[in-house]
Amino acid sequence: QVHLAESGGGLVQAGDSLRLSCAASGRTSGFNTMAWFRQAPGKEREFVAVISWSGTETYYRASVKGRFTISRDNAKHTVTLQMNSLKPEDTAVYYCAGGRYPAYNGMLRRDFDTWGQGTQVTVSS
């Protein structure tokens, strides 16, 4: 069984940066795609970014493209989301997810079978 743990959330002002990290532990062999989703109060959980096992494929939702960067270190079993130029509409709980399907743009919740507990990101205006 694999366990995912996010860290790095917090309260920042618009225009600031944050770096989220997700550490995987347990039986990580076979984990292919890693992704970040987010969920704002009263809204559905939505796709943010995804990265393939090799790191050569990355996809982003349109509203974060150019501001967020997803990366991974397979030797350390970590995936990172660098968030720059944050906006109030980025406020949400951010979740790390792992799965075995190949990466594609706009991946769905059902594509992932392992989730972290989430970390809160709040951006004030």
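Here's a quick rundown of the structure. Bear in mind that the values here come from a model prediction, so they are computed numbers and not experimental data. (Residues numbered from 1 in each chain as written. Predicted model: local features only at pLDDT ≥ 70, side-chain atom pairs only at ≥ 80, totals over all residues. Heavy atoms only, no water.)

### What about the overall build of the protein chain?
Link 1 in the chain: The number of helices and strands found in the protein chain is 0 helices and 11 strands.
Link 2 in the chain: The order of α-helices and β-strands along the protein chain, N terminus first, is β-β-β-β-β-β-β-β-β-β-β.
Link 3 in the chain: Its C-alpha atoms put the protein chain at 40 × 25 × 25 Å along the principal axes.
Link 4 in the chain: When the 125 residues of the protein chain are sorted by exposure, 42% land in the buried category.
Link 5 in the chain: A sequence separation of at least 24 residues applies to 59% of the contacts in the protein chain between residues at least 6 apart.
Link 6 in the chain: Just so you have it, the protein chain exposes about 6,500 Å², and 48% of that area is on carbon and sulfur atoms.
Link 7 in the chain: Charge centroids of the protein chain, computed over 14 positive and 10 negative side chains, lie 2 Å from each other. (Helix = DSSP H or I, 4+ residues; strand = E, 2+ residues; numbered from the N terminus. Buried < 20%, exposed > 50% of the residue type's maximum accessible area, 1.4 Å probe, protein only. Contact = heavy atoms within 4.5 Å. Areas by Shrake-Rupley, 256 points an atom, 1.4 Å probe, with all protein chains shown as cover. Lys, Arg positive; Asp, Glu negative; His and termini not counted. Charge placed at Lys NZ, Arg CZ, Asp CG, Glu CD.)

### As for the packing of aromatic side chains
Link 1 in the chain: For the coordinates displayed, the defined rule picks out 4 aromatic pairs.
Link 2 in the chain: Relative to Trp 115, the ring of Phe 37 lies with its centre 5.1 Å away and its plane at 65 degrees, an arrangement referred to as edge-to-face. Taken together, the positions of Phe 37 in strand β4 (residues 33-39) and Trp 115 in strand β10 (residues 114-115) put the pair 78 residues apart, joining distant regions of the chain.
Link 3 in the chain: Residue Trp 115 is classed as partly exposed on the basis of its relative accessible area, which comes to 25%.
Link 4 in the chain: When the ring of Phe 112 is compared with that of Trp 115, the centres are 6.2 Å apart and the planes differ by 70 degrees; the resulting orientation is edge-to-face.
Link 5 in the chain: Taken together, the ring pairs in this structure connect Phe 37, Phe 47, Phe 112 and Trp 115 into an aromatic cluster.
Link 6 in the chain: For the cation-ring pair, Arg 45 lies above Tyr 95, with the distance from its terminal atom to the ring centre recorded as 3.6 Å.
Link 7 in the chain: One residue, Arg 45, lies across the ring of Trp 115, its end atom 5.0 Å from the ring centre. (Phe/Tyr/Trp six-rings, centres within 6.5 Å; stacked < 30°, edge-to-face > 60°. Lys NZ or Arg CZ within 6 Å of the ring centre and 35° of its normal.)

### Notes on the pattern of salt bridges
Link 1 in the chain: By the definition in use, this model includes 5 salt bridges.
Link 2 in the chain: A salt bridge links Glu 46 to Arg 38, with the shortest nitrogen-to-oxygen separation between them at 2.7 Å.
Link 3 in the chain: Classification of Glu 46 by relative accessible area gives partly exposed; the value is 26%.
Link 4 in the chain: Overall, the relative accessible area of 6% leaves Arg 38 in the buried class.
Link 5 in the chain: Across the pair Arg 61 and Glu 46 runs a salt bridge whose closest N-O atoms are separated by 3.5 Å. (Salt bridge = Lys/Arg side-chain N within 4 Å of Asp/Glu carboxyl O.)

Don't take any of this as a statement about function, it's just geometry.
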